[in-house]
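# Geometric and topological summary
Now for the letters of each chain:
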Amino acid sequence: MTAQPSRRGEPEPPDPLPIPVVDNHTHLDISREGAEIAAGDLGPALRAAAAVGVDRVVQIGCDEAGNEFAVAAAEAYPSVLAGVAVHPNEAPLLAARGRLDAVLDRVEQLAAHPRVRVVGETGLDHFRTGPEGRPVQEESFRRHIDIAKRTGRALQIHDRDSHDDVLRVLAEEGAPERTVMHCFSGDLEMARECVRRGYHLSFSGTVTFKSSRGLRDALAVTPLELLLVETDAPYLTPHPWRGASNSPVLVPLTVRAMAAVLGVAVATLCQALSENSERLYGPW
């Protein structure tokens, strides 16, 4: 029997997936309760996820501390790969302190690490950063694109209320061969454009929300070979646990919702998600 969901309750593990998949984007260093988490503390969360068929994760850094944590976690756990970047909302803050160039230089250094397979999350955010900070965001985004191409890493993009500008910058700079729209939030037409360009679309727990019909329409036109799944933990917890803290252990809820929208067997989708992750990031 499945327990009734509660905003404050601890989500119960879902039924295991038939074929293991990768959580394409997670932040296991962040606690919504404010708890301190060390890179060596991830064993319980990773074991719980593996028990339901989420056997690997991509730990994403967004700032100086997060980048170092991601690399340390990838060194400590074979199931973890790292992504490093300056989050678009962080870029104007660093620039105001005269630190952006130095931090981006460190991102490039870390991107050469063999356990770092992603540059990101980078991109644009017109929701939290006002017009005065957007030129710096765009400058940082362009620098990340360049780093990804020169280091041969996949690029993971944050796009919040900035769809047209994200697509414009990618077209102007020339997107890396492996480009991922993290936590895809665009509409049907944006999905079609991303598919036309060969970008991968990564869907999170938001696709399970009752209000997300447009997102499910976007999912429906995305080919299996361009799909990924993620948590963006500890945020965007899928239904029926929306409001609780998210974790890779809940990925099966999103996968099953995606399979229903696509009209494919869960195993078929799992196989595609696993193969797509390895094609993007290499085996691990």
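Residues numbered from 1 in each chain as written. Predicted model: local features only at pLDDT ≥ 70, side-chain atom pairs only at ≥ 80, totals over all residues. Heavy atoms only, no water.

Judged by which residues are buried, strand 7 (residues 200-203) turns out to be covered on both faces: His200 and Ser202 on one side and Leu201 and Phe203 on the other are all buried. Here strand 6 (residues 179-181) runs beside strand 7; their pairing, made up of 2 bridges, is parallel. Along strand 7, the bridge assignment pairs Met181 with Leu201. On the question of chirality, the crossover connecting strand 6 to the parallel strand 7 by way of helix 7 (residues 188-197) is right-handed. (Buried < 20%, exposed > 50% of the residue type's maximum accessible area, 1.4 Å probe, protein only. Helix = DSSP H or I, 4+ residues; strand = E, 2+ residues; numbered from the N terminus. Pairing = 2+ DSSP bridges. Right-handed = clockwise from strand over helix to strand, strands pointing away.)

What follows concerns the nonpolar core. With 66 residues, the main nonpolar core has Val21, Phe141, Phe184, Phe203 and Val255 as its most contacted residues. Counting residues in hydrophobic clusters, the runner-up holds 11 residues, among them Ile60, Ala154, Leu280 and Trp284. (Core = buried A, V, L, I, M, F, W, Y, C linked by side-chain atoms within 4.5 Å.)

What follows concerns unusual backbone geometry. Put simply, Ala233 and Pro234 share a cis peptide bond, and its omega is 10°. The topology assignment puts Pro234 in the loop between strand 8 (227-229) and helix 9 (251-262). A cis amide bond links His239 to the next residue, Pro240, at an omega of 10°. With respect to the secondary-structure elements, Pro240 resides in the loop between strand 8 and helix 9. Of note in the backbone geometry, Asp161 takes a positive phi value of approximately 55° without being a glycine.

Mapped onto the elements of the fold, Arg153 is located in the loop between helix 5 (134-151) and strand 5 (154-160). In this structure Arg153 is buried but unpaired, with Glu108 as the nearest side chain of opposite charge at 11 Å. Within the local environment of Arg153, its side chain forms a polar contact with the backbone oxygen of Ala111, the two atoms lying 2.9 Å apart. Side-chain polar atoms of Arg153 contact the backbone oxygen of Thr151, separated by 3.4 Å. When neighbours within four sequence positions are excluded, Arg153 is seen to be in contact with Ala111, Ala112, His113, Pro114, Val116, Arg117, Val118, Val119, Ala148 and Arg178. (Lys, Arg positive; Asp, Glu negative; His and termini not counted. Salt bridge = Lys/Arg side-chain N within 4 Å of Asp/Glu carboxyl O. Polar contact = N/O pair within 3.5 Å; in protein donor to acceptor, adjacent residues only side chain to side chain. Contact = heavy atoms within 4.5 Å.)

Our focus in this paragraph is the sheet that holds strand 7. With parallel pairing, 8 strands are arranged side by side in an open sheet as 1-2-3-4-5-6-7-8. Both edges of this open sheet fall to strand 1 (21-26) and strand 8, since each of them pairs with a single strand only. On average, each strand axis in the sheet is inclined to that of its neighbour by 30°, with strand direction left out of account. For strand 4 (residues 116-125) and strand 5, the ladder comprises 6 bridges, and the chain directions are parallel. (Axes fitted to C-alpha atoms, helices over the stretch in contact; angles between N-to-C directions.)

Attention shifts here to helix 1 (residues 43-51). Turning to helix 1, its buried residues are Gly43, Leu46 and Ala49. For helix 1, the buried positions fall inside an angular range of 135° around the axis, keeping them on one side. The exposed set on the far side of helix 1, more than 90 degrees from its buried face, consists of Pro44, Arg47 and Ala51. Next to the buried residues of helix 1 lie strand 2 (54-60) and strand 3 (80-84). Two residues or fewer past helix 1, Gly53 is found with a positive phi of approximately 95°. (Arc of directions from axis to C-beta.)

The next thing to look at is the pairing of strand 5. The side chains of a regular strand alternate, first on one face of the sheet and then on the other. By the criterion of burial, strand 5 is predominantly enclosed, with 6 of the 7 residues buried. At this point the chain moves from strand 4, through helix 5, to the parallel strand 5, and the crossover so formed is right-handed. Sheet topology note: the strand 5/strand 6 ladder contains 3 bridges and is parallel. Residue pairing for strand 6: Gln156 is matched across the bridge by Val180. Regarding topology, helix 6 (residues 163-173) serves as the crossover connection from strand 5 to the parallel strand 6, and that connection is right-handed.

A few words now on the pattern of salt bridges. For the structure on display, the rule yields 16 salt bridges. As a salt-bridge pair, Asp146 and Arg150 come within 2.8 Å of each other at their nearest N and O atoms. Of this pair, Asp146 and Arg150 both sit in helix 5, separated by 4 residues, roughly a single helical turn. On the basis of relative accessibility, which here comes to 32%, the residue Asp146 falls in the partly exposed class. What makes Arg150 partly exposed here is its relative accessible area of 48%.

Glancing now at the confidence of the model for the chain. Here the chain averages 96 in pLDDT, while 97% of its residues score no lower than 70. Low confidence marks residues 1-7, where pLDDT is under 50. Its contacts with residues over four positions away, or in another chain, come to 12 contacts. (pLDDT = per-residue confidence, 0-100.)

Right, let's get into the packing of helix 4 (residues 100-111) against helix 5. With their axes 10 Å apart at the nearest point, helix 4 and helix 5 run at an angle of 20° to one another. Comparing the axis directions of helix 4 and helix 5 gives the class roughly parallel. In this structure, helix 4 crosses over helix 5, and the sense of that crossing is right-handed. In this structure, helix 4 contributes Leu100, Asp101, Leu104, Asp105, Val107, Glu108 and Ala111 to the contact, and helix 5 contributes Val136, Ser140, Arg143, His144, Ile147, Arg150 and Thr151. Of the residues assigned to the contact of helix 4 with helix 5, the class counts are 6 nonpolar, 3 polar and 5 charged. (Parallel < 35°, antiparallel > 145°, perpendicular 65-115°, else oblique. Left-handed = near helix turned anticlockwise from the far one by under 90°. Nonpolar A, V, L, I, M, F, W, Y, C, P; charged D, E, K, R; others polar.)

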